[in-house]
Amino acid sequence: MAGPRLLVLFGSQTGTAEDVAERLGREAQRRRLGCRVLALDAYPVVNLINEPLVIFVCATTGQGEPPDNMKNFWRFIFRKNLPLTSLCQMDFAVLGLGDSSYTKFNFVAKKLHRRLLQLGGTALLPACLGDDQHDLGPDAAIDPWLQDLWEKVLRLHPTPSGLGVIPPGVPLPSKFTLQFLQGALRTEEPCVNTRDPQGPPSELQPFLAPMVSNQRVTSPSHFQDVRLIEFDIAGSGISFAAGDVVLIRPENSADHVQQFCQVLGLDPDQCFILRPRDPDTSCPVQLPQPCSIQHLVSRYLDIASVPRRSFFELLAGLSPNKLEREKLLEFSSAQGQEALYDYSNRPRRTILEVLCDFPHTAGAVPPNYLLDLIPLIRPRAFSVASSLLVLVAVVQYWTRLKEPRRGLCSCWLASLDPEQGPVHVPLWVRPGSLTFPKTPGTPVVMVGPGTGVAPFRAAIQERVAQGETGNVLFFGCRQQDQDFYWEAEWRQLERQGCLTLVTAFSREQEQKVYVQHRLKELGALVWGLLDHHGAHFYLAGNAKTMPADVTKALTSIFQEHGGLSGTEAASYLARLQHMLRFQTETWA
């Protein structure tokens, strides 16, 4: 392809940054720009001095940390001995992805932007700060930013004479081809561990862990089904500490797989070999070669996810039906984003349901485009509660659609019953965002409403085993007899003098009481632990309103019991965060 080579580098933990980077790659192709899309740690960073045009797409994880696949790059780019003219030949832009419920919102993108400027790079425009908390998701910030970006890029590197931008309705070539094998039918894959015993389990080589138990821990009358699931990791090489998370890649339900194959006219038993069109592109390592359609759809394609805008754009280009094509083009246009939000995001309509709504288009999708059209199933992270126990809230809720919305991983896990026969789940463990103090005698204050208490169970068990008794836990749930996780264990630790337990049962009185109310009631204790005893403060749970409410309660405590002004209280909290004495782990 003619024109300069654009380099798109991404750092992604959950896959969102990678998806955005791939979108940038497609949009570059439409503008006749040669483009490479690579993970930051897959790129030889010393070559950056020779790159004329680079877009960085990076997520922020945990307490303002870079994703795992850009940590080597991060260490290199912040070396103090790098010349300040290192990147003087490079034009760049930084696109950040974050969550504004976290204090260090888009910290990685902001810091990288400043560092690239320090090293002599020329910023094409200010960093884009995508926010998961926005109703329209990160696209609310990304769409206008990309429009400005391409205007600047094309001003510097116009499309070749006689060639215009490839319009959205025209499909680009697929990244892969599926070479079907005549007469080859799938066979069931045995549940055995084939990973390299020399290394610990990882995303590329997970451990197929036997499920030992799958127990509901909420009352049968409680609205929420919450499971305590135990896995056997003997011989796996897995080790973990308090604050670590276990990652699990789920599967689509058999009914959904069958429905998908019917709508697209696919034979689930047919086998194929995947071939990349571009020699620089590698095949997904999670797919066996050869692979069956059944395996591809059940274990790889995320047909239960809510589709992104790029899905509608590609689907429109593949549609032979005029009415369906027009609607798909509307949904993929900048002007159609409110309509797309009402159709897809608000009711949480899935890719499978969209394909069923556009049957003429779905039936005409070439198999070669399946991996371009549908993202891979991403692993879900759960806090390790101890041993290898995870506490899983089964996600099911209603929107205006006929069928309830179901969480792919939680519902899949809930459906598995080890009492009916052997069950194996692919999993691996990685460090979480919470780190607990190593200095003996350091007290900890933990706020964990609902399933947010899971990482604190592991931490408390670990600390008690080390003789640490300065453990304060604020736990909140609806009703004591419905969803009070590990009540007997907490009460036993209280009696032993190893735990101070503070509870908030929100529905047991007329006025709802939450953990932030209990915090304020015990403000003198919290202030004394933090200011006089060097305590560390931890918060885990739902990201919706609880983190902001708890933070507000804390600053109020600093003012009332520490005598600080509003500005001083905010600075005090910022110092705690900087020293990692205030840490959060929240999820949507």
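Summarised in this report is the structure supplied together with it.

What counts and how
Residues numbered from 1 in each chain as written. Predicted model: local features only at pLDDT ≥ 70, side-chain atom pairs only at ≥ 80, totals over all residues. Heavy atoms only, no water. Phe/Tyr/Trp six-rings, centres within 6.5 Å; stacked < 30°, edge-to-face > 60°. Buried < 20%, exposed > 50% of the residue type's maximum accessible area, 1.4 Å probe, protein only. Lys NZ or Arg CZ within 6 Å of the ring centre and 35° of its normal. Helix = DSSP H or I, 4+ residues; strand = E, 2+ residues; numbered from the N terminus. Pairing = 2+ DSSP bridges. Axes fitted to C-alpha atoms, helices over the stretch in contact; angles between N-to-C directions. Contact = heavy atoms within 4.5 Å. Lys, Arg positive; Asp, Glu negative; His and termini not counted. Salt bridge = Lys/Arg side-chain N within 4 Å of Asp/Glu carboxyl O.

### Concerning the packing of aromatic side chains
Logical step 1: Counted under the stated rule, the structure contains 17 aromatic pairs.
Logical step 2: Taking the centre distance of 6.4 Å and the plane angle of 85° together, the rings of Trp 486 and Trp 490 count as edge-to-face.
Logical step 3: Under the relative-accessibility criterion, Trp 486 is labelled buried at 13%.
Logical step 4: An aromatic cluster is present here, built from Phe 311, Phe 312, Phe 331, Tyr 343 and Phe 358 joined pairwise through their rings.
Logical step 5: Above the plane of the ring of Phe 107 lies Lys 104, whose end atom (NZ or CZ) is 4.9 Å from the centre.
Logical step 6: A cation over a ring is seen here: Lys 111 above Phe 78, with NZ or CZ 4.9 Å from the ring centre.

### Let's talk about the pairing of strand S18 (residues 444-447)
Logical step 1: Here S18 shows no split at all, with Val 444 and Met 446 on one side and Val 445 and Val 447 on the other all buried.
Logical step 2: In the sheet, S18 pairs with strand S19 (residues 471-477) via 4 bridges, with the strands oriented parallel. Looking at S19, one finds that Met 446 is bridged to Leu 473.
Logical step 3: As defined by bridge partners, S18 adjoins strand S21 (residues 536-542) across 4 bridges and the pair is classed as parallel. Looking at the pairing, Met 446 lines up with Tyr 538 of S21.

### Some thoughts on the sheet that holds strand S22 (residues 582-587)
Logical step 1: Reading across from one edge, S20-S19-S18-S21-S22 is the order of the 5 strands in this open sheet, with parallel pairing throughout. In this open sheet, the two edge strands, each paired with only one partner strand, are strand S20 (500-505) and S22. In this sheet, neighbouring strand axes are inclined to one another by 10° on average, regardless of whether the strands run parallel or antiparallel.
Logical step 2: Bridging between S19 and S20 involves 6 bridges; their strand directions are parallel. When the sheet's bridge partners are listed, Val 472 is paired in S20 with Thr 500.

### Comments concerning the sheet that holds strand S9 (residues 226-231)
For sheets, the rule is that strands pair by backbone hydrogen bonds, running either parallel or antiparallel.
Logical step 1: With antiparallel pairing, 6 strands are arranged side by side around a closed barrel as S8-S9-S14-S13-S10-S17. With direction set aside, neighbouring strand axes in the sheet form an average angle of 45°.
Logical step 2: Where strand S8 (residues 207-216) lies against S9, 5 bridges are found, and the strand directions are antiparallel. Paired with Asn 214 across the bridge in S9 is Ile 229.
Logical step 3: Packed on one face of the sheet, helix H13 (residues 408-415) meets S8, S9, strand S10 (245-248), strand S13 (380-386), strand S14 (389-393) and strand S17 (424-430) and runs near 55° to S13.
Logical step 4: Of the strands in this sheet, S13 and S14 are in contact with helix H14 (residues 454-465), which crosses S13 at around 35°.

### Here we look at helix H18 (residues 523-533)
Logical step 1: If you check which residues of H18 are buried, you get Gly 523, Val 526, Trp 527, Gly 528, Leu 529 and Leu 530.
Logical step 2: Where the residues of H18 are buried, they touch S18, S19, helix H17 (515-521), S21, helix H19 (546-562) and helix H20 (566-578).
Logical step 3: Just beyond H18, the residue with positive phi is Gly 534, at close to 65°.

### Some remarks on the side chain of Asp 91
Logical step 1: Turning to its location among the elements, Asp 91 is positioned in strand S4 (residues 91-98).
Logical step 2: Of the buried charged residues, Asp 91 lacks a salt bridge, with Lys 152 as the closest side chain of opposite charge at 10 Å.
Logical step 3: If we skip the residues at most four places from it in the chain, Asp 91 touches Pro 52, Leu 53, Val 54, Thr 122, Leu 124 and Leu 156.

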